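The primary structure of each chain is shown beneath.
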4 protein chains.
Amino acid sequence: MKKIKTSIIGASGYTGVELIRLLSAHPQVELTHLVSETYQQQELIEVFPHLAHLTHLKFVSLDLTQLAQQSDVVFLALPHTKAAAMAKELLQHNCKVIDLSADLRLNDGATYEQWYQHPAADSALLAQAVYGLAEIGYREQIAGASLIANPGCYPTATLLALAPLLNNKLLNLSAAPVIIDAKSGVSGAGRSLSLATHFCETSNNFSAYQVGGIHRHTPEIEQELGKLAGKELMVQFTPHLIPIPRGLMVTAYCPLNSSLSLKSIKQFYTEYYQDSYFVQLNNQERTGVKAVIGTNFCQISLHLDLRTNYLVVVSVIDNLLKGASGQAVQNMNLMYQLPETIGLTALAVYP
Amino acid sequence: MKKIKTSIIGASGYTGVELIRLLSAHPQVELTHLVSETYQQQELIEVFPHLAHLTHLKFVSLDLTQLAQQSDVVFLALPHTKAAAMAKELLQHNCKVIDLSADLRLNDGATYEQWYQHPAADSALLAQAVYGLAEIGYREQIAGASLIANPGCYPTATLLALAPLLNNKLLNLSAAPVIIDAKSGVSGAGRSLSLATHFCETSNNFSAYQVGGIHRHTPEIEQELGKLAGKELMVQFTPHLIPIPRGLMVTAYCPLNSSLSLKSIKQFYTEYYQDSYFVQLNNQERTGVKAVIGTNFCQISLHLDLRTNYLVVVSVIDNLLKGASGQAVQNMNLMYQLPETIGLTALAVYP
Amino acid sequence: MKKIKTSIIGASGYTGVELIRLLSAHPQVELTHLVSETYQQQELIEVFPHLAHLTHLKFVSLDLTQLAQQSDVVFLALPHTKAAAMAKELLQHNCKVIDLSADLRLNDGATYEQWYQHPAADSALLAQAVYGLAEIGYREQIAGASLIANPGCYPTATLLALAPLLNNKLLNLSAAPVIIDAKSGVSGAGRSLSLATHFCETSNNFSAYQVGGIHRHTPEIEQELGKLAGKELMVQFTPHLIPIPRGLMVTAYCPLNSSLSLKSIKQFYTEYYQDSYFVQLNNQERTGVKAVIGTNFCQISLHLDLRTNYLVVVSVIDNLLKGASGQAVQNMNLMYQLPETIGLTALAVYP
Amino acid sequence: MKKIKTSIIGASGYTGVELIRLLSAHPQVELTHLVSETYQQQELIEVFPHLAHLTHLKFVSLDLTQLAQQSDVVFLALPHTKAAAMAKELLQHNCKVIDLSADLRLNDGATYEQWYQHPAADSALLAQAVYGLAEIGYREQIAGASLIANPGCYPTATLLALAPLLNNKLLNLSAAPVIIDAKSGVSGAGRSLSLATHFCETSNNFSAYQVGGIHRHTPEIEQELGKLAGKELMVQFTPHLIPIPRGLMVTAYCPLNSSLSLKSIKQFYTEYYQDSYFVQLNNQERTGVKAVIGTNFCQISLHLDLRTNYLVVVSVIDNLLKGASGQAVQNMNLMYQLPETIGLTALAVYP
């Protein structure tokens with residue numbers, strides 16, 4: 001097979017450089033344009049010493065026409081509000097596009113504008129974008145797509161935690177909102193500088209932020225859960241910052257609508273994910289993010305409290321892999337009818 | 001005033017050594033017996049280099065009669081199941097006792113036996129023990145007590161987060177259990193050795209443990225919340241481990257029973273804690289544990305979600321101070337009619 | 001005694017805010033002006049949540065005349081090159097000045113200009129400044145000084161490690177340069193933003209920087225060692241960054257000029273530091289920074305290799321306390337004939 | 001090619017489980033016996049959740065005869081003093097052996113006995129063992145070997161830092177011992193439990209241990225440097241503990257015997273390592289361990305101080321990979337005439 005000519009726009013942020021790491025080792029990929037305005041014309045190894053053997057690559061500034069001519073697929077690792085217009089133009093040049101920003105995730109432009117305080121992409125573009133979470137029912141659509149809205153990190157872990165419950169109508173949707181208590185490593189905040197990511201402020205700390213239902217992943221989670229439930233629903237989502245560079249956990253509190261055994265619930269999950277290599281059920285007493293850092297896996301553990309009839313679901317991912325760049329490569333594999341797992345089978349470096 | 005002759009049994013665990021640090025600097029205290037079977041006859045500075053100037057002190061083995069004769073008050077920093085009998089004997093010797101274990105916290109012996117799988121203390125002893133959380137209504141009882149059941153770390157942060165809501169009947173108790181998503185630093189697991197506290201297993205990790213309502217702090221929280229509510233209630237409590245030595249956060253999800261403004265809710269909290277020096281309301285966007293590490297403070301922030309009518313309360317403490325040894329010293333101060341804050345006013349060393 | 005009216009210029013950097021923490025608890029100090037251009041007119045607790053009880057204080061912009069009128073002593077926590085002119089003006093207003101920058105540490109202006117690439121302070125000012133390291137012979141001069149050049153963090157740990165050797169002529173100065181392999185926590189780089197202090201770049205990392213004798217603390221160390229030796233000497237100084245917020249270690253490799261027993265060397269150290277409360281000899285197998293974090297102590301351990309006749313000296317401090325703000329307060333105590341240790345006796349919060 | 005039947009004895013320690021991770025992904029290897037007495041008969045995923053997809057593997061107890069029959073090569077990841085006898089027996093069964101312990105590294109049995117306080121392996125076995133550091137001249141011997149003494153982590157980083165200097169006679173051996181200031185992540189201490197590896201004791205700490213030339217890697221370093229120099233020499237080696245799970249740095253202080261430019265020194269290094277894929281020269285201002293964590297690379301930076309005529313060499317490796325298990329796999333590749341890099345090309349997961 002001819003290699004897939006692949007470019008990255010926004011190649012020097014954390015998701016961009018993670019795409020470089022994955023794609024440079026992908027047997028079916030040839031990297032062509034690595035666009036970074038910040039580091040244009042610099043060699044990769046001047047900026048990222050861990051890429052020391054990628055001596056043939058350098059960052060370039062954007063020449064959209066040339067990039068489009070020399071790329072089959074383009075990954076957009078740009079800030080929100082910058083990606084939609086770029087995606088539209090690349091599609092017109094017949095490139096496939098995988099957008100890691102939030103610009104194309106919300107189907108309803110008005111909801112986007114309310115949460116992002118910025119004009120939404122036009123509705124035709126939104127309609128064209130496929131939500132790139134293969135495991136919750138999008139696998140076939142992704143395979144036929146030209147434009148992927150790559151999911152957010154918190155939504156990925158949340159949706160994988162809850163999809164089997166909704167698919168099997170196990171959740172009591174009228175009792176109370178599902179509580180999503182989420183925790184992420186610091187790389188989720190990106191490589192740009194701020195006091196919140198200063199080492200001295202973050203180390204030895206653990207903090208809650210954007211508490212009270214104001215984080216922008218809330219509508220993305222509600223949209224996809226609503227589709228799975230067949231009706232609108234609300235979640236109470238709270239993010240926290242863990243003093244580690246990578247790793248993300250969602251602890252989801254789910255009121256059940258009938259008395260089920262833990263065994264039967266586990267069976268629902270096993271069946272739902274039987275064809276999903278990257279989702280692993282975990283039966284251990286402790287569930288930690290460390291087992292999935294550096295990997296594209298999501299590990300899920302299930303805990304039933306018979307006193308309250310709540311199911312507590314714990315799911316863990318690497319926010320930069322299954323939560324961003326790994327998932328994007330998985331989507332590329334599907335778009336090109338490659339094995340879904342190619343280039344993504346690394347295990348965690350432990351401890 | 002004559003100094004209070006003070007002893008510690010279990011002086012070389014993390015709560016014990018923290019008591020040494022606090023009490024050695026307390027102007028009204030004279031340390032007499034520092035009991036550690038592990039390190040008996042060793043000087044403190046051989047074991048704990050941070051105590052380098054406490055050259056006059058050494059660890060001793062237990063001589064209960066002598067200790068009781070030479071002590072006005074004894075802190076028990078012993079494992080659960082070991083403390084109740086010791087407390088009883090010391091009371092018979094007319095010592096006051098502050099027990100940092102869980103042995104005397106549950107008023108109902110049967111509940112203790114169910115959760116701890118161990119015979120409860122006799123009911124007279126349980127009846128004598130005062131729950132040592134001054135801020136939620138026990139201040140006067142503590143002042144007159146001979147025996148304190150010092151609260152658990154998770155219950156302390158949880159009860160301080162929720163007491164004003166219950167006291168003012170703001171919580172919708174019939175809607176759903178209150179969700180208590182809690183996170184603690186590793187010192188909560190103590191100084192004894194286990195894989196779970198091995199540096200390599202814990203660093204870069206964040207893990208959920210005892211998920212599904214099985215952690216032993218659940219009945220303690222429910223007991224005290226029930227008293228505040230005037231009726232039984234249930235919580236869904238889940239602990240997590242943060243890869244930091246100290247610090248504890250509770251994120252509590254509280255369904256409200258009417259529409260209230262955030263301003264009015266804050267007013268309830270301000271009034272409830274107006275005489276409580278160690279509780280601080282925090283109006284910042286982020287609430288982190290780092291601001292209270294090394295201190296006896298609890299910081300609380302309040303976040304109202306009008307979409308769901310949930311109040312999300314974030315409270316942070318140092319698990320070894322307000323969550324254990326600092327609170328114990330605060331109780332001692334109250335028992336001896338000293339200013340509640342004496343020896344406990346240190347600010348966090350930041351960053 | 002009337003309280004010392006004290007101001008801080010540069011009060012919101014890490015050394016400035018550490019001065020606030022120390023001085024707000026100092027029984028002989030009254031804080032008057034806390035100058036921060038960045039946060040002028042903001043209350044402290046808006047910026048620093050760990051200062052939650054210092055509700056009466058706010059940051060102000062600089063009004064030098066008013067500040068000078070209302071201050072007995074002024075701490076300068078300003079960047080290098082900004083402090084000398086300010087010091088001069090404050091002295092003219094009859095304020096005492098403790099300068100935490102490097103501007104006044106090098107006696108020779110030409111050396112300053114060579115290493116800092118900036119004009120040196122005038123020679124009269126340099127001549128007036130007393131090097132503020134009481135333990136190596138400056139205690140009396142400090143007591144009579146109006147202007148203190150507060151030492152650098154690396155020089156403090158280095159000079160305390162080596163002074164007894166030089167004072168007793170034990171070092172073989174002709175054999176080889178003394179090797180100073182130094183390691184510091186990240187707060188040494190300050191609160192300003194840079195990739196080098198981004199959490200994700202720093203955590204899980206340990207890096208060497210300014211290797212090859214190019215760090216600016218080199219001439220400061222050589223100047224003071226030279227005075228102790230009575231002749232010029234060279235050191236090979238290399239700094240490293242530890243992924244912790246605070247703490248600093250120097251490992252010094254010292255060729256001896258005769259065969260001495262470890263016991264006799266320890267005796268030299270004990271005698272040299274017999275009146276220095278803040279220097280502690282440590283006889284443990286391991287010497288770690290953790291035992292002194294949050295304190296003004298320096299712990300030193302001595303290790304003799306009979307094979308090579310090298311003495312390896314390990315010394316640890318908290319870079320923001322004995323390495324900066326704590327030392328500055330110690331100097332203030334001496335300047336006002338107060339007990340040297342007042343306000344500085346806190347032990348490390350451990351673990 | 002037929003796959004290499006491979007077993008690991010001591011498969012559940014940190015080097016053992018790292019071998020599992022590497023070898024399970026190695027295209028030419030078939031894992032047969034994973035011996036762990038601790039976890040015999042347990043599935044890997046019960047003990048190590050990061051190995052969740054290796055569902056076909058379990059730990060077994062040792063059946064040496066069967067293991068030998070079913071193995072072409074055996075990795076010994078056993079404690080020192082346990083490996084030599086096992087190696088001997090396996091060789092008699094015609095297995096090849098790669099020993100990760102120190103038992104066979106010292107050519108001189110008497111030196112071993114002096115430093116390890118344990119009887120040395122017999123001299124025939126010692127003579128048969130090839131020191132497994134391909135890059136310093138052993139590549140051909142390794143290719144023909146049946147028994148490999150896999151180097152220690154500190155010696156690997158040290159020897160790679162210094163070999164080009166000695167090979168080109170650039171070092172002034174009479175001036176002073178070479179100073180080796182070394183720093184390692186905590187996994188170097190293994191998975192067994194001790195206070196020194198307790199999270200609370202280690203986090204926020206940085207400590208020196210076995211200071212004064214008493215660490216057992218000293219004679220290993222001196223042996224191999226001596227061979228390169230053609231004469232005996234001494235080093236002053238000091239290890240330190242970094243509060244990170246993986247990563248190791250050596251800062252080596254090297255007196256030069258003539259005036260050389262940095263450029264010419266770099267040229268010597270480039271030539272010496274031109275065929276060594278895993279050694280990378282780094283020209284960046286900072287050299288950190290993070291760029292090589294999770295990889296088999298060694299990065300080296302060179303810094304010349306013209307004032308002292310010292311070359312300061314900084315070298316970084318992952319202590320469990322190039323410092324142990326990765327190097328062992330590299331040696332296996334060479335023994336089987338496979339490309340040296342197969343299974344070892346992963347880049348660091350950064351940040």
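Just so you know, these numbers come straight off a predicted model, no measurement behind them.

## Some details on the packing of helix H8 (residues 153-167) of chain C against helix H10 (residues 217-229) of chain C
All names here are of chain C. Where H8 contacts H10, the axes come no closer than 10 Å and their chain directions differ by 20°. As the angle between them shows, H8 and H10 are arranged roughly parallel. The crossing of H8 and H10 is right-handed. Contact residues: H8 offers Cys-153, Tyr-154, Pro-155, Thr-158, Leu-159, Leu-162, Ala-163 and Leu-166, while H10 offers His-217, Glu-220, Ile-221, Glu-224, Leu-225, Leu-228 and Ala-229. Grouping the constituent residues of the contact of H8 with H10 by class yields 11 nonpolar, two polar and two charged.

## Digging into the relation of the copies chain A and chain B
Relative to chain B, chain A is turned by 180° and slid 0.0 Å along the rotation axis, the superposed coordinates differing by an RMSD of 0.0 Å. The superposition of one copy onto the other is thereby described by a two-fold rotation axis. A symmetric contact is evident, with 100% of the interface residues of chain A recurring at the interface of chain B.

## Some remarks on the sheet that holds strand E4 (residues 96-99) of chain D
Whenever strands of a sheet pair, they do so through backbone hydrogen bonds, lying parallel or antiparallel. All names here are of chain D. With parallel pairing, six strands are arranged side by side in an open sheet as E2-E1-E3-E4-E6-E5. Because the sheet does not close on itself, it has two edges, and the strands there are strand E2 (29-35) and strand E5 (130-131). Two elements, strand E1 (residues 4-9) and strand E3 (residues 73-76), share four bridges in a ladder whose sense is parallel. Residue pairing for E3: Ser-7 is matched across the bridge by Val-74.

## Things to note about the domain arrangement of chain A
All names here are of chain A. As far as domains go, chain A holds domain 1 (4-128) and domain 2 (154-317). Averaged C-alpha coordinates put domain 1 and domain 2 at centres separated by 27 Å. With 14 residues of domain 1 at the interface, the matching set in domain 2 holds 15 residues. Taken over both partners, the interface formed by domain 1 and domain 2 buries close to 1,200 Å², and the fraction arising from carbon and sulfur atoms is 50%. Of all residues in domain 1, Tyr-14, Arg-105 and Trp-115 bury the most surface against domain 2, accounting for 48% of the area lost on that side. There are two salt bridges connecting domain 1 and domain 2. A salt bridge links Glu-220 to Arg-105, with the shortest nitrogen-to-oxygen separation between them at 3.2 Å. Here domain 1 is connected to domain 2 by seven residue pairs in polar contact (both at pLDDT 80 or more). Contributing elements (two or more residues each) for the side of domain 1 that touches domain 2: helix H1 (14-24) and helix H5 (109-116). Taken together, the residues of the side of domain 1 that touches domain 2 sort by class into seven nonpolar, three polar and four charged.

## With respect to the sheet that holds strand E9 (residues 235-241) of chain A
Judged by pairing direction, the sheet is mixed, and its eight strands sit side by side in the order E11(A)-E13(A)-E14(A)-E10(A)-E7(A)-E9(A)-E8(A)-E12(B) without closing on themselves. The open sheet has two free edges, formed respectively by strand E11 (279-281) of chain A together with strand E12 (287-288) of chain B, since each of these has just one partner strand. In the sheet, strand E13 (residues 298-305) of chain A pairs with strand E14 (residues 310-317) of chain A via seven bridges, with the strands oriented antiparallel. Within the sheet, the bridge partner assigned to Leu302(A) lies in E14(A) and is Val313(A). Contacts between helix H8 (residues 153-167) of chain A and the sheet are confined to strand E7 (178-184), E9, strand E10 (248-255), E11, E13 and E14 of chain A, with E10(A) contributing the most and set at about 35° to the helix. Seen against the sheet, helix H11 (residues 262-272) of chain A touches E11, E13 and E14 of chain A and runs at an angle of roughly 155° to E13(A).

## Describing the interface of chain D and chain C
Listed per partner, the contact involves 54 residues of chain D and 54 residues of chain C. Considering only the side of chain D, the residues that lose the most area to chain C are Phe206(D), Arg286(D) and Arg307(D), jointly responsible for 16% of the buried surface there. Applying the counting rule to chain D against chain C returns four salt bridges. Across the chain D-chain C interface, the total number found is 30 residue pairs in polar contact (both at pLDDT 80 or more). Per-element tally for the side of chain D that touches chain C: the top contributor is strand E9 (residues 235-241) of chain D, with five residues. Alignment of strand E8 (residues 207-208) of chain C against strand E12 (residues 287-288) of chain D, held across two bridges, turns out to be antiparallel. Paired with Ala208(C) across the two strands is Thr287(D), which belongs to E12(D).

Each value, and the rule that gives it
Residues numbered from 1 in each chain as written. Chains lettered and ligands numbered in written order. Predicted model: local features only at pLDDT ≥ 70, side-chain atom pairs only at ≥ 80, totals over all residues. Heavy atoms only, no water. Axes fitted to C-alpha atoms, helices over the stretch in contact; angles between N-to-C directions. Helix = DSSP H or I, 4+ residues; strand = E, 2+ residues; numbered from the N terminus. Parallel < 35°, antiparallel > 145°, perpendicular 65-115°, else oblique. Left-handed = near helix turned anticlockwise from the far one by under 90°. Contact = heavy atoms within 4.5 Å. Nonpolar A, V, L, I, M, F, W, Y, C, P; charged D, E, K, R; others polar. Least-squares fit on C-alpha atoms with pLDDT ≥ 70 in both. Pairing = 2+ DSSP bridges. Domains from an automatic or database assignment. Buried area = accessible area lost by both parts, 1.4 Å probe. Salt bridge = Lys/Arg side-chain N within 4 Å of Asp/Glu carboxyl O. Polar contact = N/O pair within 3.5 Å; in protein donor to acceptor, adjacent residues only side chain to side chain.

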